[in-house]
Amino acid sequence: MVHLCQKLRLSRAFLSAEICHFHKRSFSQKSSKRHQVYVSTSDDIYTNLALEEWLYEKEDFNQKSILLMWQNKPAVVIGRHQNPWLECNVPKLREHGIDLARRISGGGCVYHDLGNLNCSFLKTKKQYNRRQNLDLVVEAVTNRWGVDLQVNIREDIVLDGLYKISGTASKLGKNNTFHHFTLLHDVNEENLEMALESPMRIGVESKATDSKRSRIKNLSECDITIDFISLVEVIGQQFYKEAGGEITWIDPGDETLFPGVTEISKASKDWEWVFGKTPKFSIKRTFTSGELRTELSVSCHFEKGRIKTAEIMCDYRTPCVEEFTDRLQRELTGRRLHREDLHQTLNDYDLSQFDQKHSAVISWIIQSCVQALGTGV
């Protein structure tokens, strides 16, 4: 595992120097009233998503269209209708300090880090055109570096006809829209694989939107000069191609410019949004212990990220074990699928009150429930 903190310090130091130099450049002496390019100075996923939502809700895109670009420190971002426990490794994210966010648009799950550029095109509903936005980026990058990029029928940008470097999602309102997508230029593939490998997919039934896994490749593997700053420049220039204009670097948390954006950011971190908005789902797992010569069935139904019902059946049917499983079912019901809640329930039993055989069976039941619930308790 690459040490994330060390990599981030180096990347941020390099980026700060690049930004200082880049601020001195402009594409034109004249500013465009119909187009505006913003680049966020933040690498916090919640802050950047909050700015995007603020612009979507507050701006009048009849006056101008906006291209917003940003990058994030390591984070996993799921679509509005997705299940975080099925899309990523929640315990590993917590262990490695990787943020988890739910966006207000649909689509699939993506991994972000400083090797990933995020583009968001904010326009009126009448101007909404996903293919046009994707073609703009493809044209800008291919003209500059000569790489083989295409937009496929799923509206992903693919490299060399095979490798996905960009996923896409949208939000359409009554008047305003945004279309956003990623662009992989130097993402840490090892961390991406670790973050998106869910330990909870076995025995799950869910109607949540399921991400489609694809082979990926970084643009920097084709040309080492492709990085965040150079991509911002060429894509910004392409957006300004006809009218001309300047890139504006903005602090997305600036309440004087974006009043109320802090509250949006705060709400986007809330457990009830990130996890509680998960569509209903259920799990059913069976465990067998050859050593104990017993079998266990664990079935749970979840609503709003909480255990609505729990059924734990063990064929080692003694009064002691049955009393324990009945108690465990009652105590799990209503709990959030959250490490703190479940730790309190699953690890709060005094096994010394049981004889050796029952202690071994009950300990195995607890560990099986931990595995079934996949929370890293």
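As the structure is a prediction and not an experimental result, all values here were calculated from the model.

Cut-offs applied
- Residues numbered from 1 in each chain as written.
- Predicted model: local features only at pLDDT ≥ 70, side-chain atom pairs only at ≥ 80, totals over all residues.
- Heavy atoms only, no water.
- Buried < 20%, exposed > 50% of the residue type's maximum accessible area, 1.4 Å probe, protein only.
- Helix = DSSP H or I, 4+ residues; strand = E, 2+ residues; numbered from the N terminus.
- Pairing = 2+ DSSP bridges.
- Core = buried A, V, L, I, M, F, W, Y, C linked by side-chain atoms within 4.5 Å.
- Phe/Tyr/Trp six-rings, centres within 6.5 Å; stacked < 30°, edge-to-face > 60°.
- Lys NZ or Arg CZ within 6 Å of the ring centre and 35° of its normal.
- Axes fitted to C-alpha atoms, helices over the stretch in contact; angles between N-to-C directions.
- Salt bridge = Lys/Arg side-chain N within 4 Å of Asp/Glu carboxyl O.

A. Broad picture of the pairing of strand 4 (residues 99-102). Going residue by residue along strand 4, you find D99 and A101 tucked away on one face and L100 and R102 tucked away on the opposite face as well. Where strand 3 (residues 75-78) meets strand 4, four bridges bridge the pair, whose relative direction is parallel. Its bridge partner lying in strand 4, I78 is registered against R102.

B. Structural detail: unusual backbone geometry. You will see that E155, though not glycine, has its phi angle at about 60 degrees, which is positive. Along the chain, the position of E155 falls in the loop between strand 7 (149-151) and strand 8 (157-159). Phi is positive for K304, which is not a glycine, with a value near 55 degrees. One can find K304 in the loop between strand 15 (294-303) and strand 16 (306-314).

C. Spatial organisation of the nonpolar core. Core analysis: the largest hydrophobic core is formed by 110 residues, its most contacted members being V76, I157, L183, I235 and I365. By residue number, the principal contributor to this core is helix 12 (residues 356-373), which donates nine residues.

D. Inspection of the packing of aromatic side chains at higher detail. Here the structure, examined in full by the defined rule, presents nine aromatic pairs. Ring centres of F121 and F181 lie 5.9 Å apart, and the angle between their planes is 20 degrees; this geometry places the pair in the stacked category. Here F121, found in strand 6 (residues 116-124), pairs with F181, found in strand 11 (residues 176-184); they are 60 residues apart in sequence, far enough to count as distant. Pair check on accessibility: F121 and F181 agree, each one buried. Aromatic rings pair up to connect W85, W271, F275, F281 and F302 into one cluster. The positively charged end of R336 is found above the aromatic ring belonging to W271, 4.9 Å away from the centroid.

E. Inspection of the sheet that holds strand 5 (residues 110-112) at higher detail. The three strands are arranged 4-3-5 in an open sheet whose pairing can be described as mixed. Two strands lie at the open edges of the sheet, namely strand 4 and strand 5, each paired on one side alone. Between one strand axis and the next, the sheet turns by 25 degrees as a mean value, whatever way the strands run.

F. Up close: the pattern of salt bridges. Going through the model one piece at a time under the given rule, you end up with 15 salt bridges. Between D160 and K217 there is a salt bridge, with the nearest N and O atoms lying 3.4 Å from each other. Highlighted residues: D160 in the loop between strand 8 and strand 9 (163-166) and K217 in the loop between strand 12 (204-206) and helix 7 (228-239), separated in sequence by 57 residues. Residue classification places K217 among the buried positions, given a relative accessible area of 18%. Residue R306 is joined to E272 by a salt bridge in which the shortest nitrogen-to-oxygen separation is 2.7 Å. Taken together, the positions of R306 in strand 16 and E272 in helix 9 (residues 271-274) put the pair 34 residues apart, joining distant regions of the chain. On the basis of relative accessible area, R306 is assigned to the partly exposed category, the value being 27%. By sharing partners, the salt bridges in this structure join E87, R201, D210 and R213 into a single network.

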